[in-house]
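Understanding the architecture of this molecule
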Amino acid sequence: MAKTRHYKKIEKNIASSFMSVLKAGFSKIGHFFVRFFKICDSRLTIMIVPHSQSKVVNFQTNVFALCFGIVLIIGIISSFIYFNRQAAGSSAEISRLMNENRQTLASLDELRDENNNLLQTAKRFQSSLSQSLSLLGIDSSSSVSKASMNDSDLSSLFDTKSQVTGSTREATDIRQLNSYLENAVQPIEQIGKMLESQGTLFTDIPNIWPIRGGIGHVSMPFGQNMHPITGQWYIHKGLDLSTWRSGDPIVATANGQVVSVGYDFSFGNFVIIKHKHGIYTRYCHMQTARVKKGEFVSQRQIIGTIGNTGITTGPHLHYEIHIGSDVVDPAKYVNVKLSK
């Protein structure tokens, strides 16, 4: 019991000490605020004394109002400086945007000039394409108008009635040009197929010089000539081509199949090639033949060399073209294009 009373007494002493300290602290805080408010409520008299003999101006205030006024003035000045800097930054940004706008306008003007050049090119392309299709016999009727091309915009090029301005107009022009180019694809493909078939035709019919490199000259033409040995007039059924020497390469003048390789008393060593469309070519007086019967040859392929075999007065190639049972003048064919 004695110990319990002792502990309780200690607890009371501690609690009493804590409360005393707490009361002392609150008392000091209260005194501080009381003194602070007294100081803030202290009356001040501010006098403005001019250098001249004018009336002295004075007014009364307290410390709180004076501090509040100073803080207010500092806030106003700080706000002015801040917004002034913001205004300067905005002005610089506006200036930058104006420069970019000027550059954009300049680029837009350049784009419009290029668009105008494109339109002029499209105009010339349309005219050339129409003329080419007409020459080739291809129907050139399409949605592209051929009538009105006086303006420098695609609306007139395509006979369009709508009127648009600004970037919308350029976008419409580009869409119309794209549509026009799409319409031009099919005729161009037809031209490509025609050129391809024409190229095939040129390789299937004799149309090149039968000596590689286009060298040599015509020593005797096709038709009525005087025989160089007998001195009698006769019909020469081919072209005599000479390079004044033996050994120059002879080439096939078209794609075909070798149907005969042999020797004749008059023509010497010879090669006959069968081509499409009932055409045959014969190469005579050859020194050597480099193909065999039944072999398929292509245009410009070497089939032998110029020689002096058979009845001749010197090295040359006797070249004939037969269409069916008729013999034709090879000069009409060897001048189409030279072999390379």
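Residues numbered from 1 in each chain as written. Predicted model: local features only at pLDDT ≥ 70, side-chain atom pairs only at ≥ 80, totals over all residues. Heavy atoms only, no water.

Another point: the overall build of the chain. Helix and strand counts for the chain stand at 5 helices and 14 strands. The buried share among the 340 residues of the chain stands at 27%. Sequence separation of 24 or more characterises 57% of the internal contacts of the chain that already satisfy a separation of 6 or more. With an accessible surface of roughly 22900 Å², the chain has 59% of that area assigned to carbon and sulfur atoms. (Helix = DSSP H or I, 4+ residues; strand = E, 2+ residues; numbered from the N terminus. Buried < 20%, exposed > 50% of the residue type's maximum accessible area, 1.4 Å probe, protein only. Contact = heavy atoms within 4.5 Å. Areas by Shrake-Rupley, 256 points an atom, 1.4 Å probe, with all protein chains shown as cover.)

When their charged atoms lie close together, side chains carrying opposite charge are able to pair. The final tally for this structure, using the stated rule, is 5 salt bridges. For lysine 276, the salt bridge is made with aspartate 204, and the minimal N-O distance between the two is 3.6 Å. One end of the pair, lysine 276, is in the loop between β9 (268-274) and β10 (279-289); the other, aspartate 204, is in helix α4 (residues 166-204), and 72 residues separate them in sequence. In this structure, arginine 282 and glutamate 320 form a salt bridge, with 2.9 Å as the shortest nitrogen-oxygen distance. Taken together, the residues span a long stretch of sequence, with arginine 282 in strand β10 and glutamate 320 in strand β13 (residues 317-323) at a distance of 38 residues. With respect to burial, arginine 282 and glutamate 320 carry one shared label: buried. Where salt bridges share partners, they join Glu93, Arg96 and Glu100 into one cluster. (Salt bridge = Lys/Arg side-chain N within 4 Å of Asp/Glu carboxyl O.)

All right, on to unusual backbone geometry then. Even without being a glycine, tryptophan 244 presents a positive backbone phi close to 65°. Take tryptophan 244: it is sitting in the loop between β6 (239-242) and β7 (249-251). In the Ramachandran plot, histidine 285 falls in the positive-phi region, its phi being about 60° despite a non-glycine side chain. Mapped onto the secondary structure, histidine 285 falls in strand β10. Among the residues examined, histidine 285 registers a relative accessible area of 4% and is labelled buried.

Moving on, we get to the environment of phenylalanine 64. Its place among the elements puts phenylalanine 64 in helix α2 (residues 63-136). Residues phenylalanine 64 and isoleucine 39, 25 residues apart in the sequence, show an inter-C-alpha distance of 8.3 Å.

With that settled, consider the nonpolar core. Within the largest apolar cluster, 22 residues are counted, with the highest numbers of intra-cluster contacts made by Ile250, Val271, Ile273, Tyr283, Val297, Ile303 and Leu317. What valine 297 contacts, discounting residues up to four positions off in sequence, is Ala252, Ala254, Asn255, Gly256, Val258, Ile273, Val291 and Ile303. (Core = buried A, V, L, I, M, F, W, Y, C linked by side-chain atoms within 4.5 Å.)

Counting all residues, the mean pLDDT for the chain is 81, and 82% of those residues have values of 70 or more. Counting interchain partners and residues more than four positions distant, the pLDDT-below-50 stretch residues 142-164 has 43 contacts. (pLDDT = per-residue confidence, 0-100.)

What follows is about the packing of aromatic side chains. A full pass over the atoms with the stated rule returns 2 aromatic pairs. Between tyrosine 82 and phenylalanine 83, the ring centres sit 5.3 Å apart and the planes meet at 75°, which makes this aromatic pair edge-to-face. Between tyrosine 283 and tyrosine 319 the ring centres are 5.3 Å apart and the planes differ by 35°, which places this aromatic pair in the tilted class. With tyrosine 283 in strand β10 and tyrosine 319 in strand β13, this residue pair connects regions lying 36 residues apart in the sequence. In terms of burial, tyrosine 283 and tyrosine 319 fall into one category: buried. Sitting over the ring of phenylalanine 267, arginine 282 keeps its end group 4.4 Å from the ring centre. (Phe/Tyr/Trp six-rings, centres within 6.5 Å; stacked < 30°, edge-to-face > 60°. Lys NZ or Arg CZ within 6 Å of the ring centre and 35° of its normal.)

With that settled, consider the pairing of β10. Pairing analysis gives 5 bridges linking β9 to β10, with the strands arranged antiparallel. Following the sheet pairing, isoleucine 273 is matched in β10 by threonine 281. Where β9 folds back on β10, the antiparallel hairpin that results is connected by 4 residues, among which histidine 277 adopts a positive phi of roughly 65°. In the sheet, β10 pairs with β13 via 6 bridges, with the strands oriented antiparallel. Looking at the pairing, tyrosine 283 lines up with tyrosine 319 of β13. Summarising the sheet, β10 and strand β12 (residues 302-306) pair through 3 bridges and their orientation is antiparallel. Paired with threonine 288 across the two strands is threonine 305, which belongs to β12. (Pairing = 2+ DSSP bridges.)

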